[in-house]
Amino acid sequence: MSPLDFSSYRKIVVLTGAGVSVASGLPPYRGAGGLWGDLDPQAVATKKSLLETPEKVWELCKKQRTQVLQSEPNPAHQALAALEASLLPSQSFLLITQNVDGLHVRAGSKKVVALHGEICRTRCSQDACSLQPFEDTQLYDEVPHCSVCSSPLRPDIVLFDEFIPVDAEWATKRALRDCDLFLAIGTSGTISPASNFVRSADYAGARTIYINLAAMDPPNPYFHESYLGKAEELLPQLFSF
Ligand SMILES: [Zn+2]
C-alpha cells in the first residue's frame, strides 16, 4: 500500500468515529451492551433522564470517565496529529470526531471539532447560565451543582435525544463546503454523519476516502476509494511522510 500524497490538497477534512479509539481500549459508545452493567447508554444518556434521574447520567459518566482516564492515544490518533503537523501553512485541516474521549487532542491534534462533546468536560444544565464549560475528570458519586445558579451540572456531551451544537455543526458545514480531500475513518460509511458529510464533500469536488474495519454494505458511491483494516495499522502506513 503506497502512502497518500497530501501535498496537492488545500483543504483537508477528516471525520473519525469509534473505530479510531478501539485500540485505546475504548468500546463504541453506542450499542455497548453489557459493558456498563445495568446501565443502557441509549436509555440513560438522554435529556429526559437528565431531568428525571440525573444521578443515572452521572453514574454512566463516571464509568466512561474512568475508562477514558485509563486510556492512551494509539497510533491512529498519533498519525492524524502528525499529518496535521506536517501540512504547510497554506493548507487547511479540520478533524471532526464523533468520539467524546478527547484522545485526538491528547495526541496533539489542534483543529478538532468534537461533534458529540467531551466526556471529561462539565457544564451547567441550564443553557442560559453564565458558567463556562470546564475540563473535569472528577468521578462524582452524587450529582454536582452549579456554583452560579445551583442547577444540576451535566457532562458536556450530546445526549441521544439532543441535537449537535450549532457551532460544531456550522464549523463542519463550512469546512465541507469547499474541501478537496475528505477522509472518513473508523465510522460507518452508510449512516449519518459520514453519509451526509461525504455527499457534501463529493459535491464540492473533493477526493473522498473511506477507511474502516468493515466494508460498506451497501457501498456508498460518494466514497471514491476505500481501505479496509484497523485504523491503528492503516493510518501509519497511509500517512507515512
Ligand atoms: Zn448554572
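What counts as what
Residues numbered from 1 in each chain as written. Predicted model: local features only at pLDDT ≥ 70, side-chain atom pairs only at ≥ 80, totals over all residues. Heavy atoms only, no water. 1 Å grid on protein atoms, 1.4 Å probe; cavity = no way out; pocket = protein on both sides within 12 Å on 5 of 7 lines; lining within 4 Å. Points joined across faces, edges and corners; volume = space filled by probe spheres on them. Helix = DSSP H or I, 4+ residues; strand = E, 2+ residues; numbered from the N terminus. Nonpolar A, V, L, I, M, F, W, Y, C, P; charged D, E, K, R; others polar. Donors = N, O, S within 2.8 Å, 3.2 Å for Na, K, Ca; no water. Tetrahedral: all angles 85-135°; square planar, octahedral: opposite > 155°, others 65-115°. Buried < 20%, exposed > 50% of the residue type's maximum accessible area, 1.4 Å probe, protein only. Pairing = 2+ DSSP bridges.

Undergrad: How do you make sense of the layout of surface pockets when you look at a structure like this?
TA: A probe as big as a water molecule, rolled over the atoms, marks out the empty space that is left. In this model, the second largest pocket occupies a volume close to 390 Å³. Around the second largest pocket, the lining comprises 20 residues; the ones closest to its centre are Arg-121, Arg-123, Asp-156, Pro-165 and Asp-167. Secondary structure elements with two or more residues in the lining of the second largest pocket: β3 (112–114), β4 (117–124), β6 (153–157) and α6 (166–177). Of the residues assigned to the lining of the second largest pocket, the class counts are eleven nonpolar, one polar and eight charged.

Undergrad: So what exactly am I meant to see when it comes to the coordination of the zinc ion here?
TA: Six octahedrally arranged donors around a metal ideally form angles of 90 or 180 degrees; four tetrahedrally arranged donors ideally form angles of 109.5 degrees. Ligation of the zinc ion by protein atoms is provided by Cys-124 (SG), Cys-129 (SG), Cys-146 (SG) and Cys-149 (SG), these donors lying 2.2 to 2.4 Å from the ion. Geometry at the zinc ion is tetrahedral, judged from the four donor atoms that bind it and their angles of 99 to 115 degrees at the metal. All donors to the zinc ion come from one chain, and their sequence spacing reads C-x4-C-x16-C-x2-C. Taken as a pair, Cys-124 and Cys-129 share a single burial class, namely buried.

Undergrad: Hey, could you run me through the sheet that holds β6 in this one?
TA: Strand-to-strand pairing in sheets goes through backbone hydrogen bonds, with the strands running parallel or antiparallel. If you trace the three strands from one edge of the open sheet to the other, you get β5-β4-β6, paired in antiparallel fashion. The sheet is open, and its two borders are formed by β5 (134–135) and β6, each paired with just one other strand. Pairing of β4 with β5, which is carried by two bridges, proceeds in the antiparallel orientation. Bridge pairing links Thr-122 to Phe-134 in β5.

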